[in-house]
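Residues per chain are reported as follows:
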Amino acid sequence: MTRFLRLATLATLALPLATPGLAGEAVPEPWPLRLHVGEASHAFRVEVADAPAERSRGLMGRERLAEDAGMLFLYATEQPGGSGFWMYNTLIPLDIAFIDGAGRIVSTHTMQPCGSNAPGDCPVTRPGVSYRAALEVPAGTFASLGVEVGDCVAWPGVASRCD
């Protein structure tokens, strides 16, 4: 076997260990999340991104997302309204809700995938108000559920919300 083939074989065997989301990586158990819209309550199972690397990766590379699934981005401190989210390497359209420290939605948007290979060419969706969390779900979810600013989001590990 030539040296090139040996290196190529080793690189192929190491790929699942070095690439997030591939076989061999432990996927954390999704958290239950409830979205309270008026008198209705809607259940979701969400992945949680509470570390910088997880938040940077987000839902990149996903080809689909279940109707009742999403990703909850949590921050230890309040984020300024000028910071936001982009769709670089994200393949599916998403709805995003920016959430304040009390669990209330302060801004919602629908985001479309960015087809550019240059991250700087992808638009950033900013809420315009400060936030402590953000929730991404499949695009169209908020419209179909009637989600509005002021609606409440509850998940484990926080004080009582949405009373």
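This is a predicted model, so every value here is computed, not measured.

Caption draft 1: A look at the state of the cysteines. Using the criterion set out here, one finds one disulfide in the structure. Two residues share a disulfide in this structure: Cys114 and Cys122, whose sulfurs sit 2.2 Å from each other. Between Cys114 and Cys122, the S-S torsion sits near -85°, and that sign places the bridge as left-handed. The exposure classification of Cys114 matches that of Cys122, with both residues buried.

Caption draft 2: Geometry of the pattern of salt bridges. Across all of its chains, the model carries two salt bridges by this definition. Residue Glu29 is joined to Arg45 by a salt bridge in which the shortest nitrogen-to-oxygen separation is 3.3 Å. In this pair, Glu29 is assigned in the loop between helix H1 (3-18) and strand E1 (31-37) and Arg45 in strand E2 (residues 40-49), connecting sequence segments 16 residues apart. Arg45 sits in the partly exposed class, given a relative accessible area of 34%.

Scoring rules and cut-offs
Residues numbered from 1 in each chain as written. Predicted model: local features only at pLDDT ≥ 70, side-chain atom pairs only at ≥ 80, totals over all residues. Heavy atoms only, no water. Disulfide = S-S within 2.5 Å. Buried < 20%, exposed > 50% of the residue type's maximum accessible area, 1.4 Å probe, protein only. Salt bridge = Lys/Arg side-chain N within 4 Å of Asp/Glu carboxyl O. Helix = DSSP H or I, 4+ residues; strand = E, 2+ residues; numbered from the N terminus.

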